[in-house]
Amino acid sequence: MKRQPRSSPRSAKPLRTVSIIGTGSYVPEKVLTNADLSRMVDTSDDWITTRTGIKERRIAAKDETTSEMAAKAALRAIEQAKISAKEINLILVATATPDMLFPATACFVQKKIGATNAACLDISAACAGFLFGLEIAQQFITSHTHDTVLVIGAEKLTSITNWTDRNTCVLFGDGAGAAVLRHRGSAHGVISTHIGTDGHYTDILFMPGGGSRCPITRENVDLNLNTIHMIGKEVYKQAVTAMIRASKKALEQAGLSIHDIACVIPHQANLRIIEAIADRIGIPLEKFYVNLDRYGNTSAAAVAIALDEANRSGRIKPGDYILMVVFGAGLTWAGTVLEW
Ligand code: UT7
C-alpha cells in the first residue's frame with residue numbers, strides 16, 4: 001500500500017489573532033539611589049540625572065535569582081489572565097542573566113509556578129528579548145501549535161555589574177515582567193512585529209566572560225570579564241537609529257501612522273534616547289511610558305515591566321493602539337504594534 005504523506009492538522013486552520021490576556025511584574029524591594037552610588041564611585045546625582053534620567057534602581061537580594069523574580073511576575077500575569085498555570089503550553093524567558101548557563105531559566109520558572117504542561121526555553125536577545133519572545137509566542141499561537149504562551153523578561157543585571165566602573169554601574173537594575181498570550185477570538189491583539197539584528201556590533205555591548213570563548217577562570221574574573229562591557233556613545237547612536245527603524249517598520253506593517261498610537265512603550269535605557277526618538281518620529285514625549293527614573297535599565301525586563309504598569313494603571317485602555325520598541329546588545333531591535 002502506498003504511504004500517504006502526513007498532513008498537518010494545523011494546515012487547514014485559519015491563522016489566529018493573538019492577544020495579551022494578562023500582565024505582571026516584580027521588582028526587588030531594595031532601592032539604590034544616585035546618592036548611594038555617588039558614595040561608591042566618582043559620580044553624582046546631577047550627572048546621572050542629566051545624562052540618563054535615572055534617579056534610582058532596584059537591587060535583588062544576594063540569594064534572589066532571576067527565575068525567582070520571573071516566577072513572581074509570571075504568577076501576577078497568570079492571576080490577571082484568570083487561567084491555571086497548567087494551561088500554559090510554552091514558557092519563554094528572555095534574559096541576559098540566566099540562573100545558570102543551563103538548564104534554561106524557563107525550566108526553573110516552570111517548577112516554581114507549577115506549569116507542568118509547558119515546554120520551556122530561554123531567549124538570548126539582550127534588551128530586545130521580550131519582544132522577540134512575543135513574536136515567537138505569536139507564531140506558535142497563530143499557527144495553532146500552542147494555545148497559551150507565557151513570555152517573561154527577567155534580569156539580575158546587578159550580578160554582572162562592575163561596581164567600580166562608573167560608565168556602566170549607574171545604568172542598570174533588576175526586575176521582571178511577564179505576559180500571558182492566547183488567541184482570544186477578537187480583533188484585539190498583536191497587529192505587527194518587526195525584529196532585526198546586526199551582528200557587526202557585537203563588540204559595543206557584551207559580557208566577554210563565562211561562555212566557551214572565555215571560560216570562568218580566576219584570571220578572567222580578576223580582569224572583570226564576568227561583567228558588562230560597553231562603548232556607551234556608540235550604543236547610544238545605534239540605539240536611536242535602530243529604534244526609529246523598528247518603529248517605522250512595525251507601523252508600516254500594521255498599516256498605521258504614528259498619530260494613531262495612543263502610547264509608546266520603549267526600552268527604558270536612557271531618557272535622552274527616548275527624547276531623540278520622540279523628536280525624530282514626530283510624537284510628543286507625553287505619549288511615551290517612562291519608568292526608567294525608578295528602575296534604571298532592566299534590559300529584557302524593562303519593556304515588560306513598563307507594559308504591566310501601563311496596563312494596571314489604566315494608562316492603556318481597550319482599543320488603544322500601542323507601539324512597543326526596543327534595542328539591545330547584538331545589536332538586536334524590535335517593534336511591536338498592539339491593539340489593546
Ligand atoms: O540597553 C542598552 C544599554 N546601554 C545603553 O543604553 C547605553 C547608551 N549610552 C548612553 O546612555 C550614554 O552614552 C551614557 C549615559 C552611557 C553616557 O553618556 P554620554 O553623554 O555619552 O557620556 P560620555 O560617555 O561621553 O562621557 C562624558 C564624560 C566622560 O568624561 P570626560 O572623558 O569627558 O572627562 C566620562 O568619563 O562623563 C564621564 N562619565 C561620568 N561622570 C560622572 C561617565 N560616566 C560617568 C558617571 N558619573 N557615572
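Each remark here, short or long, concerns the structure printed above.
Reading the values: rules and limits
- Each chain has its residues counted from 1, running along the sequence as written.
- The predicted nature of this model means local features are confined to residues of pLDDT at least 70 and side-chain atom pairs, given and counted, to a pLDDT of 80 or more, with totals for whole chains, interfaces and linings taken over all residues.
- Calculated side-chain values reflect all of the structure's heavy atoms, with hydrogen atoms and water omitted.
- Numbering of helices and strands starts at the N terminus; helices are DSSP runs of H or I of at least 4 residues and strands are runs of E of at least 2.
- For each residue, the accessible area found with a 1.4 Å probe, counting protein chains only, is set against the maximum for its type, and the residue is called buried under 20%, exposed over 50%, and partly exposed in between.
- By definition, residues are in contact when any of their heavy atoms lie within 4.5 Å.
- We define a polar contact as two N or O atoms separated by no more than 3.5 Å, with the added condition that, inside protein, one atom must be a possible hydrogen donor and the other a possible acceptor, whereas residues neighbouring each other in sequence contribute only through side-chain atom pairs.
- Two strands are said to pair when DSSP picks up at least two bridges between them.
- Every axis in this analysis is a line fitted to C-alpha atoms, fitted for helices over the stretch in contact. Angles between the N-to-C directions lie between 0 and 180 degrees.
- A 1.4 Å probe that fits but cannot get out identifies a cavity on a 1 Å grid over protein atoms alone, an open set with protein on both sides within 12 Å along at least five of seven lines counts as a pocket, and a residue lines either if it has an atom within 4 Å of a point.
- Grid points are joined across faces, edges and corners, and a volume is the space filled by probe spheres set on the points.
- Residues are grouped as follows: nonpolar covers Ala, Val, Leu, Ile, Met, Phe, Trp, Tyr, Cys and Pro; charged covers Asp, Glu, Lys and Arg; every other residue, Gly included, is treated as polar.
- Each Phe, Tyr or Trp ring, with Trp reduced to its six-membered ring, pairs with another whose centre is within 6.5 Å; inter-plane angles below 30 degrees give stacked pairs, above 60 give edge-to-face pairs, and intermediate values give tilted ones.
- Comment: the charge-over-ring label is applied if NZ (Lys) or CZ (Arg) is within 6 Å of the ring centre and within 35 degrees of the ring normal.

## Some points on the environment of aspartate 99
Now for step 1: Mapping aspartate 99 onto the fold places it in the loop between β4 (90-94) and α4 (105-113).
Now for step 2: With relative accessibility at 25%, the residue aspartate 99 sits in the partly exposed group.
Now for step 3: Counting along the chain gives 101 residues from aspartate 99 to histidine 200, while the straight-line C-alpha distance between them is 28 Å.
Now for step 4: Among all residues touching aspartate 99, those that are not within four sequence positions of it are Thr65, Thr66, Ser67, Thr105 and Phe108.
Now for step 5: One polar contact links the side chain of aspartate 99 to the main-chain amide nitrogen of threonine 66, over a distance of 3.3 Å.

## With respect to the sheet that holds strand β12 (residues 321-328)
Strand pairing in a sheet relies on backbone hydrogen bonds, with the paired strands running either antiparallel or parallel.
Now for step 1: Spatial strand order, β8-β13-β12-β11: four strands in an open sheet with mixed pairing. With partners counted over all chains shown, the strands left at the sheet margins are β8 (189-197) and β11 (261-266), one partner each. Sheet twist, expressed as the average angle between the axes of neighbouring strands with direction ignored, equals 15 degrees.
Now for step 2: Pairing analysis gives five bridges linking β11 to β12, with the strands arranged parallel. Opposite isoleucine 265, over in β12, you have methionine 324 as the bridge partner.
Now for step 3: Strands β8, β12 and β13 (332-339) of the sheet are contacted by helix α5 (residues 129-142), whose axis makes an angle of about 125 degrees with β8.
Now for step 4: Of the strands in this sheet, β8, β11, β12 and β13 are in contact with helix α8 (residues 232-254), which crosses β12 at around 145 degrees.

## Topic: the side chain of serine 25
Now for step 1: Residue placement: serine 25 occurs in strand β1 (residues 19-26).
Now for step 2: Side chain to side chain, serine 25 and aspartate 308 meet in a polar contact 2.7 Å long.
Now for step 3: With residues near it in sequence (within four places) discarded, serine 25 still touches Ala73, Arg76, Ala176, Gly177, Ile305 and Asp308.

## Side note on the layout of surface pockets
Now for step 1: The computed volume of the second largest pocket comes to approximately 200 Å³.
Now for step 2: What lines the second largest pocket is a set of 14 residues, and nearest its centre among them are Ile20, Ile21, Arg184, Asn311 and Trp340.
Now for step 3: Of all elements in the fold, only β1 and β13 reach the threshold of two or more residues within the lining of the second largest pocket.
Now for step 4: Take the lining of the second largest pocket: its biggest share by element is five residues, from β1.
Now for step 5: Here the residues of the lining of the second largest pocket sort into five nonpolar, seven polar and two charged.

## Notes on the pairing of β13
Now for step 1: Counted residue by residue, β13 has eight buried out of eight residues, so it is predominantly covered.
Now for step 2: Residues Thr332, Ala334, Thr336 and Leu338 point to one face of β13 and Trp333, Gly335, Val337 and Glu339 to the other, with burial holding for every one of them.
Now for step 3: The pairing of β8 with β13 spans eight bridges and is classified as antiparallel. Across the sheet, the residue bridging to threonine 197 is threonine 332, located in β13.
Now for step 4: Hairpin connection of β12 to β13: three residues between the antiparallel strands, including glycine 330 at a positive phi of 145 degrees.

## Focus on the sheet that holds strand β7 (residues 174-182)
Now for step 1: On the basis of which strands lie adjacent, the open sheet formed by five strands has the order β1-β7-β6-β4-β5 and mixed pairing. Of all strands in the sheet, those with a lone pairing partner are β1 and β5 (119-123), marking the two edges. Taking each pair of neighbouring strands and ignoring which way they run, the sheet shows an average axis angle of 15 degrees.
Now for step 2: Those strands touched by helix α3 (residues 66-81) are β1, β6 (148-156) and β7, and its axis lies near 135 degrees from that of β1.

## Describing the packing of aromatic side chains
Now for step 1: A full pass over the atoms with the stated rule returns zero aromatic pairs.
Now for step 2: Lying across the ring of tryptophan 333, arginine 245 places its NZ or CZ 4.1 Å from the centre.

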